[in-house]
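# Observations on the three-dimensional arrangement
Chain residues, written in single-letter form:
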Amino acid sequence: MKYDFCYYNPTRIHFGKSALDNLGAELSSYGDNILLMYGRGSVKATGLYDEIMAILKASGKKVTELSGIKSNPTYAQLQEGARLVRENDIDFILAVGGGSVIDCAKGVSVAAYCEGDAWERFWINGEEPTERIIPVGSVLTMAGTASEMNGGSVITNEEVMLKNGKVFGPAVYPKFSILNPEYTFTVPKNQMVSGIYDVFSHLCEQYFSGDDDNTTDYLIEGVLASLITAARAALKNPEDYEARSNIMWCATLGLNTVTGLSKTQDWEVHMIEHQVGAYTDCPHGLGLAVVSIPYYKHIYKYGIDKFVRFAKNVWNIDTDNMTKDEAALAGIEALSAFIRELGIPQTLRELGATEEMLPKIANSTVLGGGYKQVTADDVLAILKEAF
Ligand code: NZQ
Ligand code: ZN
């Protein structure tokens, strides 16, 4: 464990078929004014909305609703939530949905009493909030982002065409999250595979960094093995509880910071995808999958030993008679085959990108980078290959 770290995660997780039974007790520590945030209809279609309203009513809560939170939530929706918090003297925000609703809820929680423009302060300048933060809890309905157990809040500001992520400290993490894998049975297939690839990418973007012998890398390989097995089972039978529950927990582990400990981490694929998302509004994980293969082909030589290890330990490829180059590329090809197996589109064009967008995306991507520090020109080359 080469780099020092401090590990603390304050989110209490209730996992399993009876997880929702804990909602009333969780909310009893907070005031009665609840802002209930959800998406564009799935919670009503599945009946979860009625179940939650019944619990809130039985607990004597006064509920204000903010519905219609879209995938890739916008700063305008976040500001609407902040206004509702102030006008209704909200004590607690309950987010019911996937990463978009939870991310937006965290944004509302810090923006409500923020002095000055929250976008500038948090999503551009990366400040930590010093004003009152409204506590958030979540009921997760789609596996992927790990927003249920982290401080991430990824927001699209449509006025400036930027999709930026801010990682807040533990004060903004959900106080609790309720994870019932059965809720994910109704997630449409393209969103299910988007979530699965999002998890895959989180794990890879932490794995592909560093050259030391680090327990975290072994942990990531184990989580990837479970994710691959569970993804294949869920593709065959979307109502396979064992598969869906494993995917859900892999997702939480994938970005609750435990799989990033003592790792420098990469995140360039996410940086590129966020701007692809700002322009195309594509499902996050699908954008990641399309960008990943050209990106990894672009950088693998700079971290070749780790890519060889990826081929061997994640894809069980016998690399004994291969050169390092051949082995690394075989691992990337196995990943590409897995993406095809998930039925994910192969090109940015299929996700709604146009050729004119590519330079704009390249120029507005925040550059990170693991084994190789990429430039805007590199990003443009990667985008052209993905197009
Ligand atoms: O809006 P509704 O009707 O609820 O439908 C949603 C939405 O259309 C649907 N859905 C969710 N649960 C369902 C369901 N449909 C049927 N049954 C259910 N049980 O699925 C669609 C996608 O939901 P969304 O929340 O957008 O997906 P996801 O969880 O992938 O979140 C994506 C957002 O999270 C950000 C992404 O950039 C993107 O904006 N991320 C957040 C991160 C974090 N907080 O740490 C990290 C990630 O890397 C990511 O960037
Ligand atoms: Zn992601």
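Scroll up for the structure.
Here's what I pulled together on the structure shown here.

Cut-offs and rules
Numbering of residues begins from 1 in every chain and follows the order in which that chain's sequence is written. All chains are assigned letters beginning with A, and all ligands numbers beginning with 1, in the order in which they are written. Where local features are concerned, this predicted model is filtered to residues with pLDDT of at least 70; where side-chain atom pairs are given and counted, the filter is 80 or more; whole-chain, interface and lining totals use all residues. Excluding hydrogens and water, the side-chain figures rest on all heavy atoms present in the structure. Each metal site lists N, O and S donors within 2.8 Å (3.2 Å for Na, K and Ca). With water left out of the atoms, a site can look as if it is missing ligands. The secondary structure listing takes helices from DSSP runs of H or I that are at least 4 residues long and strands from runs of E that are at least 2 residues long, numbered from the N terminus. Throughout, exposure labels follow a simple rule: accessible area from a 1.4 Å probe, protein chains only, divided by the maximum for the residue type, with under 20% read as buried, over 50% as exposed, and the rest as partly exposed. Aromatic rings from Phe, Tyr and Trp, taking only the six-membered ring of Trp, are treated as a pair when their centres fall within 6.5 Å; an angle between ring planes under 30 degrees marks them as stacked, one over 60 as edge-to-face, and anything in between as tilted. Only when the NZ of Lys or the CZ of Arg is both within 6 Å of the ring centre and within 35 degrees of the ring normal is a charge said to sit over the ring. Being near a molecule or strand, for a residue, comes down to having at least one heavy atom within 4 Å of it. We define a polar contact as two N or O atoms separated by no more than 3.5 Å, with the added condition that, inside protein, one atom must be a possible hydrogen donor and the other a possible acceptor, whereas residues neighbouring each other in sequence contribute only through side-chain atom pairs. Only the protein chains shown count as cover for residues, with accessible areas throughout obtained via the Shrake-Rupley method and a probe of 1.4 Å. Among buried residues, those of type Ala, Val, Leu, Ile, Met, Phe, Trp, Tyr and Cys that are joined through side-chain atoms within 4.5 Å constitute a nonpolar core. For the domains described, the bounds stem from an automatic or database domain assignment. Site definitions follow a grid-based scheme: protein atoms alone, a 1 Å grid, a 1.4 Å probe that fits but cannot get out for cavities, and for pockets an open set with protein on both sides within 12 Å along at least five of seven lines, plus lining residues having an atom within 4 Å of a point. Grid points are joined across faces, edges and corners, and a volume is the space filled by probe spheres set on the points. Residue polarity follows a fixed list, in which Ala, Val, Leu, Ile, Met, Phe, Trp, Tyr, Cys and Pro are nonpolar, Asp, Glu, Lys and Arg are charged, and the others, Gly among them, are polar. One bridge is not enough; two strands pair if DSSP finds at least two bridges between them. Convention adopted: a line fitted to C-alpha atoms gives each axis, helices being fitted over their contacting stretch, and angles between N-to-C directions are expressed from 0 to 180 degrees. Small angles under 35 degrees read as roughly parallel and large ones over 145 as roughly antiparallel, with 65 to 115 read as roughly perpendicular and the rest as oblique. Note on contacts: a residue pair qualifies if any of its non-hydrogen atoms lie within 4.5 Å across the two residues. Salt bridge criterion: a side-chain nitrogen from Lys or Arg within 4 Å of a carboxyl oxygen from Asp or Glu.

## Section: the coordination of the zinc ion (ligand 2)
Only Asp198 (OD), His202 (NE2), His270 (NE2) and His284 (NE2) from the protein reach the zinc ion (ligand 2) as donors, at distances of 1.9 to 2.2 Å. Considered as a linear motif, the donors of the zinc ion (ligand 2) on their single chain read D-x3-H-x67-H-x13-H. One end of the pair, His270, is in helix 10 (residues 268-280); the other, His284, is in helix 11 (residues 284-299), and 14 residues separate them in sequence. Both residues of the pair, His270 and His284, count as buried.

## Side note on the packing of aromatic side chains
Inspection of every chain in the model, using the stated rule, returns 22 aromatic pairs. Seen in terms of ring centroids, Tyr207 and Phe208 are 5.4 Å apart; in terms of plane orientation they differ by 70 degrees. Their pairing is edge-to-face. The buried category is assigned to Tyr207, whose relative accessible area is 0%. What links up through ring pairs into an aromatic cluster is the set Tyr197, Phe200, Tyr207, Phe208, Tyr295, Tyr296, Tyr300, Phe307, Phe310, Trp315 and Phe338. For the cation-ring pair, Lys17 lies above Tyr241, with the distance from its terminal atom to the ring centre recorded as 4.4 Å. A cation sits over an aromatic face here: Lys44 above Tyr49, 4.5 Å from the ring centre.

## Remarks on the site of ligand 1
By nearness alone, 30 residues border ligand 1, and Ser42, Gly99, Ser100, Asp103 and Thr186 come closest of all. A distance of 2.6 Å separates an oxygen atom of ligand 1 from a polar atom in the side chain of Ser100. Gly152 is positioned with one of its backbone polar atoms (N or O) 3.2 Å from a nitrogen atom of ligand 1. Isolated, ligand 1 exposes 960 Å² of accessible area, and the fraction of that covered by the protein chains is 91%. Secondary-structure elements contributing two or more residues to the shell around ligand 1 are helix 5 (99-111), strand 6 (152-157), helix 7 (189-207) and helix 10.

## Looking at the nonpolar core
Side chains of nonpolar character tend, in soluble globular proteins, to be buried together. Residues Met37, Ile93, Phe200, Tyr296 and Trp315 are the most contacted members of the largest nonpolar core, which totals 107 residues. Residue-level mapping places this core at the junction of two domains, with at least three residues from each of domain 1 (12-183) and domain 2 (188-386).

## Quick look at empty space enclosed by the protein
Under the defined criterion, the tally for this structure stands at one cavity of 30 Å³ or more. Taken as a whole, the largest cavity spans an internal volume of roughly 70 Å³. Lining the largest cavity are Met142, Ala143, Thr184, Val187, Gln191, Met192, Arg244 and Ile247. Elements that contribute at least two residues to the lining of the largest cavity include exactly helix 7 and helix 9 (241-254). A breakdown of the residues in the lining of the largest cavity according to their chemical character gives five nonpolar, two polar and one charged.

## Thoughts on the pairing of strand 5 (residues 136-140)
The two faces of a sheet get side chains in turn, since along a regular strand they alternate between them. By the criterion of burial, strand 5 is predominantly enclosed, with five of the five residues buried. Both faces of strand 5 are covered, namely the face carrying Val136, Ser138 and Leu140 and the face carrying Gly137 and Val139. The sheet contact formed by strand 4 (residues 92-97) and strand 5 spans five bridges and is parallel. Each bridged residue has a counterpart across the sheet, and for Gly97 the counterpart in strand 5 is Leu140. Sheet topology places strand 5 next to strand 8 (residues 176-179); three bridges connect them, and they run parallel.

## Let's talk about the packing of helix 11 against helix 13 (residues 324-341)
Direction vectors running N to C along helix 11 and helix 13 enclose 170 degrees, while the axes themselves pass 10 Å from each other. Relative to helix 13, the element helix 11 is oriented roughly antiparallel. Residues Ala289, Ile293, Tyr296 and Lys297 of helix 11 lie in contact with helix 13, whose contacting residues are Ile332, Leu335, Ser336 and Ile339. Across the contact of helix 11 with helix 13, the residue classes break down as six nonpolar, one polar and one charged.

## Considering the pattern of salt bridges
Tallied over the entire structure, the rule returns 18 salt bridges. Residues Glu26 and Arg12 are paired through a salt bridge, measuring 2.8 Å at the closest nitrogen-oxygen approach. Here Arg12 lies in strand 1 (residues 12-15) and Glu26 lies in helix 1 (residues 23-27), a separation of 14 residues in the sequence. The class of Glu26 is buried, set by a relative accessible area of 7%.

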